[in-house]
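Overview (structure and organization)
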Amino acid sequence: MGLLQLGTPLNWEKARGTASQVREWGIAQLLTIWRKNKDKERAVLLWGDEIEYLVVAVDEKQQKVRLSLTQAEVLKALAENEELAKHGPVVPDLQGGEAAKNHCTLPTFHPEFGRFMLEATPGKPWSIDFKDLLDVETDMKRRRVIAKQHMSKDQYPVTLTTFPRLGTKDDFISPYYPPSGPALRSQFVPDEIANPHIRFPTLAANIRGRRGRKVELNVPVFRDERTPWPFHDPTVDYDMHNWPEDDDVRNGAAKENCVYMDAMAFGMGSCCLQITFQAKNINEGRILYDQLSPLGPILLALTAATPVYKGFLVDTDVRWNQISRAVDDRTREELGEVPLKNDRWRVPKSRYASNSTYIAQDSRLRPEYLDPDLVIDEKLKQKLFDGGMDDLLATHFAHLFIRDPLVVFSEDLKELDVNGSNHFENIQSTNWQHMRFKPPPPDNPNIGWRVEFRSMEIQMTDFENAAFSIFIVLLSRVILSFDLNLYIPIPRTTENMETAHKRDAVLNDKFWFRKNPFPQRVTPSPSPSIKAKDQTAMTNGTSGSNSILQPLMPASDLPPVEEEYALMTVSEIINGPGASKNATDPLPTLEPVESTSRFPGLIPLLKHYLSSLNLSVTTRCQMERYLDLIAHRADGSLWTNAKWIRHFVRNHEQYKHDSAVNEKVTYDLIKTTIEKIEPREDWSDRKGPGWEMFEVGA
């Protein structure tokens, strides 16, 4: 999360009237940024990771764990530590001004939505040098240690996606505040649970105001042996009359056989692992955006870690849809529940959703891959096109700008700063898609075009988080070096995101994926989505230096799009077809890249890439231990966090097989995760901490 702006926020009734102005000014700022930076070149690709923590307080006497609302106190303690300050600003949001623009040799810490959350990042961007890659795990451990040193003895930074008892009827937070409040108006959580910066309560209130009712989250409950059926969430109070929105549950908001939640905190209070790439130039950034997009659902399933909500086991494994619903500001008209009358269009997806656009000027991008239901603001697209932006990129931003601004500061409406980015970021930063394409910030010339990979769940251990970070970074190298073509139609990626939510999807379900990543390049034919002036750039392509290309072929000779992709298991995607499910067996050998006509598997591709480099035996072995975790997570030899948590709960002596996760089960679960991340002498040098936690039968 970037620096938080101060100002006088407008409530929804006033903010609604400024929406057109903010969008128009945002487009003007975007065009200025684009013109200044469209030819910017960086020497090398850089990247960074973001780790988010829950801060918990462990009460040993009562054997109870609570969320600790101490974000501000921890950040203040970090910022005031003079020894840390010698290495640079460790809390840029508090150590502002020019100091905040300097790199820190230590990790940096940032606020998040929940007062019980912390975000930590490396103090400076990582390079793709293998020395940097091998420092990632150590740096992640250092962040946790530094954060813990600035907490009280009973507090711990844990990397769970959600707190299992967030929103229950007991005192799950410390200090305790009763539920409800004017911003969230929730039955289950107080306003005080959110970061008090004016942005957050305004965001929550204006989402509710625009929507016309509270947000509505219904997660299917896990039906165990003694789960009451049909299940009716016993925590819902149908007789509450504090706010007009309390009528929501009486009007059917809480669905049968679901765990019901009603506030932004249940989504934005979740933790994730996020990777940001800084590309060498805009073209490389656009390639990464497109080619990483189909991988989002696969990595979501591989990192599944969210089987508990509000004190109940649920029948899903990941957080994504819950966050989507927690910030869904669409009206009934936009949702298609009633005919359009006051709104401009029906909007198929929440602001927090899977991608709906491809943006690379790539000859392999066929019109059939695009979203047939894409909604764009044609007027704003024309402004971008008239300003010189190509059709694909103009379409992308015109889609993002169908949204209304949610947090508008009155001070920003007085005069347009065309060289700024506040109005552009107002819309851009509240489109939370699983990939994000980010222009350079106008106030920092050292930063280039960036791409965020946002789908992954946070993992319990630093070893896992480092492994998935390094895996994605290596994949970005393979994509560019081999000029991989991973395109599938956007609706199939949307479908894959839904599949990733299923319980044990990583083992039991199949995902749409491209069969052959090395197809022939084609001579592009005109398409409705690609204007004539873009054809030359697309024909030239943007292939990497190690790309494997076959002769150009006419677009008319291409096979039907439906023949280019198929349903595959996660293991087939990661390890290749026919990969063994025995964790001790070697992975399949990759055929010569030039000759393969089927998808060889991502791990074999990565190993092929690593073999082409002059790596020391030590470095290669260290890389292998991370790839082994991914490979065996995919084939089921190692469990996902979600499966491990579900197994832990269902085998706890106090679990009654009724889906309810009580305080003692939660206490033991979190105590166990804390023990797993604390140093131990018996950790294997090869596997590292976190591995033994998820072995089948462990």
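So, here's what we can say about the structure. All figures in this text were calculated on a predicted structure; none of them were measured in a lab.

**Describing the side chain of glutamine 459**
Looking at the element boundaries, glutamine 459 is found in the loop between strand S15 (450-453) and helix H16 (462-481). Engagement of the side chain of glutamine 459 in a polar contact is seen with the backbone oxygen of threonine 303, the distance being 2.8 Å. At 3.2 Å, the side chain of glutamine 459 forms a polar contact with the backbone oxygen of glutamate 457. Once residues lying within four places of it in the same chain are set aside, the contact partners of glutamine 459 are Thr159, Thr303, Ala305, Glu464, Asn465, Phe468, Arg633 and Asn641.

**Regarding the environment of leucine 30**
Assignment of secondary structure puts leucine 30 in helix H2 (residues 19-37). Leucine 30 sits 409 residues away from proline 439 along the chain, and the two C-alpha atoms are 8.3 Å apart. Once residues lying within four places of it in the same chain are set aside, the contact partners of leucine 30 are Leu384, Met389, Phe397, Phe424 and Pro439.

**Things to note about the packing of helix H9 (residues 282-292) against H16**
Between H9 and H16, the shortest axis-to-axis distance is 10 Å and the interhelical angle comes to 110 degrees. One way to sum up the angle between H9 and H16 is to call them roughly perpendicular. Relative to H16, H9 is oriented so that their crossing is right-handed. The segment H9 lies against H16, with Glu284, Ile287, Leu288, Gln291 and Leu292 engaging Ser476, Ile479 and Leu480.

**A word on helix H21 (residues 602-611)**
Here H21 lies mainly inside the structure; eight of its ten residues are buried. Inspection of H21 places Leu602, Ile603, Pro604, Leu605, Leu606, Lys607, Tyr609 and Leu610 among the buried residues, and these make up the whole buried set. Elements in contact with the buried residues of H21: helix H5 (130-149), H16, helix H20 (570-575) and helix H22 (617-635).

**Quick notes on the packing of aromatic side chains**
Enumeration according to the criterion identifies 17 aromatic pairs in this entry. Joined through ring pairs, the aromatic side chains of Phe188, Tyr260 and Phe266 make up one cluster. Stacked on the ring of tyrosine 156, the Lys or Arg lysine 148 has its end atom at 4.7 Å from the ring centre. Positioned above the aromatic ring of phenylalanine 188 is the side chain of lysine 310, whose terminal nitrogen or guanidinium carbon lies 3.7 Å from the ring centre.

**Observations regarding the pattern of salt bridges**
Evaluation of the coordinates by the stated rule reveals 56 salt bridges. Where aspartate 404 meets arginine 210, a salt bridge forms, and the shortest distance between an N and an O atom there is 2.9 Å. With a gap of 194 residues between them, aspartate 404 in the loop between helix H14 (391-400) and helix H15 (422-428) and arginine 210 in helix H6 (residues 199-211) connect regions that are remote in the sequence. The exposure classification of aspartate 404 matches that of arginine 210, with both residues buried.

**Details of the packing of H16 against H21**
Where H16 contacts H21, the axes come no closer than 10 Å and their chain directions differ by 75 degrees. Taken together, the axes of H16 and H21 lie roughly perpendicular to each other. For the pair formed by H16 and H21, the contact residues are Phe471, Leu474, Leu475, Arg477, Val478 and Ser481 on the first element and Leu602, Ile603, Leu605, Leu606, Tyr609 and Leu610 on the second. Of the residues in the contact of H16 with H21, the class split is ten nonpolar, one polar and one charged.

**What to know about the nonpolar core**
Formed by 189 residues in total, the largest nonpolar core has its most connected members in Val189, Ile193, Leu295, Leu299, Leu302, Phe471 and Ile574. In terms of residue count, the dominant contributor to this core is H16 (13 residues). Excluding anything up to four places from it in sequence, leucine 302 contacts Phe468, Val506, Val570, Ile574, Ile630, Arg633, Ala634 and Thr640.

Thresholds applied
- Residues numbered from 1 in each chain as written.
- Predicted model: local features only at pLDDT ≥ 70, side-chain atom pairs only at ≥ 80, totals over all residues.
- Heavy atoms only, no water.
- Helix = DSSP H or I, 4+ residues; strand = E, 2+ residues; numbered from the N terminus.
- Polar contact = N/O pair within 3.5 Å; in protein donor to acceptor, adjacent residues only side chain to side chain.
- Contact = heavy atoms within 4.5 Å.
- Axes fitted to C-alpha atoms, helices over the stretch in contact; angles between N-to-C directions.
- Parallel < 35°, antiparallel > 145°, perpendicular 65-115°, else oblique.
- Left-handed = near helix turned anticlockwise from the far one by under 90°.
- Buried < 20%, exposed > 50% of the residue type's maximum accessible area, 1.4 Å probe, protein only.
- Phe/Tyr/Trp six-rings, centres within 6.5 Å; stacked < 30°, edge-to-face > 60°.
- Lys NZ or Arg CZ within 6 Å of the ring centre and 35° of its normal.
- Salt bridge = Lys/Arg side-chain N within 4 Å of Asp/Glu carboxyl O.
- Nonpolar A, V, L, I, M, F, W, Y, C, P; charged D, E, K, R; others polar.
- Core = buried A, V, L, I, M, F, W, Y, C linked by side-chain atoms within 4.5 Å.

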